[in-house]
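Single-letter residue listing:
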Amino acid sequence: MFLAQNRRLLEGMESLRSLRKVCGLVAVDRRPTIGLNGDWHTIVDPYGTGLYTFHGDLRTDGYFMNGKQAPDGEPVEYNFQQSPVLQVPGDWNTQRESLFFYEGPIWYKRDFSYQRQPRTRVFIHVGAANYRSYVWVNRQKVCEHEGGFTPFDCEVTDLLNDGKNFVVIAVDNTRLADGIPTLQTDWWNYGGLTRDVSLVEVPEQFIDDFDLHLKRGNQNIIEGWVHVEGVLPEAQVTVRIPELNVNKTAKVGTDGRATLEFEAGDLERWSPDHSRLYRVYLHAGQDEFEDEMGFKTVEVRGTEILLNGSPIFLRGVSIHAEAPYRTGRACKDEDMKTLLGWVKEMGGNYVRLAHYPHDERMTRLADRMGLLVWSEIPVYWAVEFDKPAVLAKAEQQLCEMIRRDRDKASVAFWSVANETPATPARIEFLRALVTKVREQDPMRLVTAALLVRTEGRTKIIDDPLGAALDVIGFNEYIGWYEQAPEDADQTVWKTAYEKPLIVSEFGGDAKYGLHGDTDKRWTEEYQANLYRHQLVMLKGIGRLRGMSPWILMDFRSPRRPMPGIQDYFNRKGLISDQGEKKEAFYVLQNAYRELSASVS
Ligand code: GCB
């Protein structure tokens, strides 16, 4: 409700138009920032009272004013300072019992002090807020953002006081038919400021985007570009990689971009077995920061996926951004370490980060630990593919995801969709997304998790979208949503495409600690048996180049109410939400050990 009214009313707000706009900052985690994490005072506002009058008009004295009751003044029916706090980063659902199922707006407020620095620009950076956010600083509207899993930055340069300041953010996790994702998903709709919030100070001219990568077909040539915001043509950009004796300068053109290409000496290429990262210093005028980057190539040759020129098989697993042990949105370093640590323990070299971009800590850690990454946007199930406005939302999320993680060596695949219905509108929509990916990052491979068709015992992968992809991902649930695990033995696979295949999902549910015969659903034995049959079947698919079974750890889902077994968890995890490994974990671990022994 908040959203529908908001959209109409806020579109006309002058304060928004007058602001200078940039599309987001990059490498924020590599820059000095003023942290705004911690306790924020919050007001739960299911009726949108903080923004609307009783007749639905926009309030000029809404909660964003952070008003205080004067002794003889009009009543003020809210009070941030006396309202309870929520921790940022963090979802609200798992922080307060009454918010567990809550979907709607919540107001967040935090005070902070700041001293203006000359010739700087200042942004409020929000790592992610689900799903829609409205931001005010010192009572001025500064921006709004839609999309629950990608970062955004609101410029506040001209609005900050020397000394005391406050920021108010209204976050609304109401599901929308025309949202990305749409109304139906199989994960918890965790709301709130779920990732880090900070103030980022940059010089007036600053590096706002860049792409440096290993040139395909070359052992040690790095190419790319650096974009400088607000700079005059001819200004100089420097890239230094001291460990490789690189110190390269280039001039920016009229578009603010400097292009670079240079030899990188004895470059050691990044791979899961050798996750070599270099300190890369980027410099333009007063702006300088140090990134941590690895360099690799990934490409397709026929039905092979080549990493640094050699064929690779992806031993992976899918992961939701769900925090081990405490549940809720993963947002802490230890959450990421635990999740990716389990993947390593399992013998994996690859993760599918489902079904939306995960925290930047995750891709940074994958860089360091040596795990290839499939990253995707939540174009999931029956999105409203016929609406141009919905396509624009998907494009924006895609752009924000790529921009944030283009510097990560781990990222190998950008995925544009998961299990979408085969309609003409959907094909047009997804082709447009594929084109966008190629424009924004020609060095990674484009994929999607497709549905398969069944004819008798034959499974057919011929979704027309396949023609536009580099690598075909497909999901199948033989032994769970269809047939019995043993039916995998007789299944024949056909594909219309001479391209590499990744089985992006397979699996079945098991409640940790529930035991029984292999034909008894929900038991660990059933799940383990399903994995055994799947693994034999998959071995027989000639073009298969990788797998990411569903899923590493049990995760919360409102679609899974069954008492005693699911209790609102999807139980397809190989590990329970409490970190207990199920039998199938070891089945997969053995298979991955054999696979890695056979290639080394
Ligand atoms: C799927 C979806 C995934 C679900 C899974 C399931 O095909 O892609 O999001 O959670 O199946 O468990 O049903």
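None of these values were measured; they are calculated from a predicted model. (Residues numbered from 1 in each chain as written. Predicted model: local features only at pLDDT ≥ 70, side-chain atom pairs only at ≥ 80, totals over all residues. Heavy atoms only, no water.)

Caption draft 1: How the structure looks around the side chain of Asn-475. Looking at the secondary structure, you find Asn-475 in strand S28 (residues 472-475). A distance of 2.9 Å separates a polar atom in the side chain of Asn-475 from a polar atom in the side chain of Glu-419. Not counting residues up to four positions away in its chain, the partners in contact with Asn-475 are Arg-352, Asn-418, Glu-419, Ala-449, Leu-450, Val-452, Ser-504 and Glu-505. (Helix = DSSP H or I, 4+ residues; strand = E, 2+ residues; numbered from the N terminus. Polar contact = N/O pair within 3.5 Å; in protein donor to acceptor, adjacent residues only side chain to side chain. Contact = heavy atoms within 4.5 Å.)

Caption draft 2: Spatial organisation of the site of the ligand. Within the structure, the ligand sits among 14 residues, and Asp-186, His-355, Tyr-380, Glu-419 and Tyr-481 are positioned closest to it. Contacts to the ligand include Asp-186, whose side-chain N or O atom sits 2.5 Å from an oxygen atom. Among the residues forming the shell around the ligand, the class breakdown is five nonpolar, four polar and five charged. (Near = heavy atom within 4 Å. Nonpolar A, V, L, I, M, F, W, Y, C, P; charged D, E, K, R; others polar.)

Caption draft 3: Region of interest: empty space enclosed by the protein. According to the stated counting rule, one finds five cavities of 30 Å³ or more in the structure shown. Roughly 150 Å³ of volume is contained in the largest cavity. The greatest single-element share of the lining of the largest cavity, amounting to four residues, is contributed by strand S11 (residues 206-214). The class makeup of the residues in the lining of the largest cavity is seven nonpolar, three polar and seven charged. Space inside the second largest cavity adds up to approximately 120 Å³. A breakdown of the residues in the lining of the second largest cavity according to their chemical character gives six nonpolar, seven polar and one charged. (1 Å grid on protein atoms, 1.4 Å probe; cavity = no way out; pocket = protein on both sides within 12 Å on 5 of 7 lines; lining within 4 Å. Points joined across faces, edges and corners; volume = space filled by probe spheres on them.)

Caption draft 4: Examining the packing of helix H3 (residues 333-345) against helix H4 (residues 360-369) more closely. Put simply, H3 and H4 touch, their axes get as near as 10 Å, and they point 45 degrees apart. With respect to each other, H3 and H4 are oriented oblique. The crossing of H3 and H4 is right-handed. Seen from H3, the contacting residues are Asp-333, Met-336, Lys-337, Leu-339, Leu-340, Gly-341 and Lys-344; seen from H4, they are Arg-361, Met-362, Leu-365, Ala-366 and Met-369. Looking at the contact of H3 with H4 residue by residue, the class counts come to seven nonpolar, one polar and four charged. (Axes fitted to C-alpha atoms, helices over the stretch in contact; angles between N-to-C directions. Parallel < 35°, antiparallel > 145°, perpendicular 65-115°, else oblique. Left-handed = near helix turned anticlockwise from the far one by under 90°.)

Caption draft 5: The arrangement of the packing of helix H5 (residues 388-405) against helix H6 (residues 424-440) in detail. Contact geometry for H5 and H6: axes closest at 10 Å, N-to-C directions at 25 degrees. Of the possible angle classes, the one that applies to H5 and H6 is roughly parallel. H6 is crossed by H5, and the crossing has right-handed handedness. Between H5, through Val-390, Leu-391, Ala-394, Glu-395, Leu-398, Cys-399 and Ile-402, and H6, the contact on the second element is made entirely by Phe-429, Ala-432, Leu-433, Lys-436, Val-437 and Gln-440. Considered class by class, the residues forming the contact of H5 with H6 number 10 nonpolar, one polar and two charged.

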